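Structural overview for review
Okay, here's what each chain looks like letter by letter:
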Amino acid sequence: RQFANNFTAFSFRGQVQAGEVMDYSHSQVFNALKNLYLSTGVGYIVNHITAINRYAANGTYTDGLDNSNYIFIPARIGYEFKVFNEYNQPSFKIDIGYQYNFVMGDNLDGFAVGGNQDKFSQITVGFKFALGGITSYKKQIHY
């Protein structure tokens, strides 16, 4: 079985970086890990199957929907590499992440089969630009 689809997804996520929950001021290892983050939230996906073969190699037919809309739960882990400007503030960030999405339905792939709901994952590389003024940090680095 195979399929091709186009989908649009919207998600809202909250993120916590390790540096917010640990004291990294006296450890080089913790200082390196401070930019590791975990994230979760909620999303909505609108899916449209553009091509599908509903017959397996043995000739078995599998029914399903060509269009579907589902809520999904994203679970993400990642790391931000911060690039600092001349004022020692992050001016932009390179974000590398892995996101696993739990879909609240079984027709995202166009096949209604099995007892499990659909899931999909993605690996991302992103660029974030920091805007705003001077921020004071409460944790100083002493080395």
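Anyway, here's the lowdown on the structure attached to this text. Being a predicted model, the structure only gives us computed values, none of them experimental. (Residues numbered from 1 in each chain as written. Predicted model: local features only at pLDDT ≥ 70, side-chain atom pairs only at ≥ 80, totals over all residues. Heavy atoms only, no water.)

One open sheet accounts for five strands, arranged β1-β2-β3-β4-β5; its pairing is antiparallel. In the strand order of this sheet, the two ends are held by β1 (2-17) and β5 (119-129), each with one partner. Taken pair by pair, the neighbouring strands of this sheet meet at an average axis angle of 25°, ignoring direction. Judged from the 11 bridges that link them, strand β2 (residues 36-53) and strand β3 (residues 67-84) form a sheet pairing that is antiparallel. Within β3, the position partnered with Tyr37 by the bridge is Gly78. (Pairing = 2+ DSSP bridges. Helix = DSSP H or I, 4+ residues; strand = E, 2+ residues; numbered from the N terminus. Axes fitted to C-alpha atoms, helices over the stretch in contact; angles between N-to-C directions.)

With that out of the way, let us pick up the pattern of salt bridges. Pairing is possible between side chains of opposite charge, provided their charged atoms come close. Scanning the model with the defined rule gives five salt bridges in all. The shortest N-O distance in the salt bridge between Arg76 and Asp95 comes to 3.9 Å. Of this pair, Arg76 sits in strand β3 while Asp95 is found in strand β4 (residues 90-103), placing the two residues 19 residues apart along the sequence. Accessibility classification places Arg76 together with Asp95 in one group, the buried group. Between Lys128 and Glu80 there is a salt bridge; the shortest N-O distance is 2.6 Å. With Lys128 in strand β5 and Glu80 in strand β3, the pair connects residues that are 48 residues apart, well separated along the chain. Connected through salt bridges with shared partners, the residues Arg76, Glu80, Lys82, Asp95 and Lys128 form a single ionic network. (Salt bridge = Lys/Arg side-chain N within 4 Å of Asp/Glu carboxyl O. Buried < 20%, exposed > 50% of the residue type's maximum accessible area, 1.4 Å probe, protein only.)

Glancing now at the nonpolar core. In this structure, Ile45, Tyr70, Phe72, Val103, Leu108 and Phe120 together form the largest nonpolar core, which totals six residues. What Leu108 contacts, discounting residues up to four positions off in sequence, is Asn5, Ile45, Asn47, Ile49, Ser68, Tyr70, Val103, Asp118 and Phe120. (Core = buried A, V, L, I, M, F, W, Y, C linked by side-chain atoms within 4.5 Å. Contact = heavy atoms within 4.5 Å.)

Attention shifts here to the environment of Thr8. For Thr8, the position within the fold is in strand β1. The class for Thr8 is partly exposed, based on a relative accessible area of 43%. In this structure the C-alpha to C-alpha distance between Thr8 and Ala75, which are 67 residues apart in sequence, comes to 18 Å. Excluding residues within four positions of it along the chain, Thr8 makes contact with Tyr44, Ile45 and Val46.

Once that is clear, we can look at the side chain of Asn35. Note on placement: Asn35 falls in the loop between α1 (28-33) and β2. For Asn35, the residues in contact, after removing those within four places along its chain, are Gln17, Gly78, Tyr79, Glu80 and Lys82.

The grouping of Val16, Val21, Val29, Phe30, Leu33, Leu36, Leu38, Ile77, Tyr98 and Ile123 at the surface amounts to a nonpolar patch, some 930 Å² of accessible area in total. Mapped onto the nonpolar patch, the elements with two or more residues apiece are α1 and β2. A total of three residues in the nonpolar patch trace back to one element, the largest contributor, which is α1. Mapped onto the elements of the fold, Leu38 is located in strand β2. According to the relative accessible area criterion, Leu38 is exposed, its value standing at 51%. (Patch = residues over 30% accessible without salt bridge, like charges linked within 9 Å, V, L, I, M, F, W, Y side chains within 5 Å. Areas by Shrake-Rupley, 256 points an atom, 1.4 Å probe, with all protein chains shown as cover.)

Interpretation in functional terms is not warranted from these geometric data alone.
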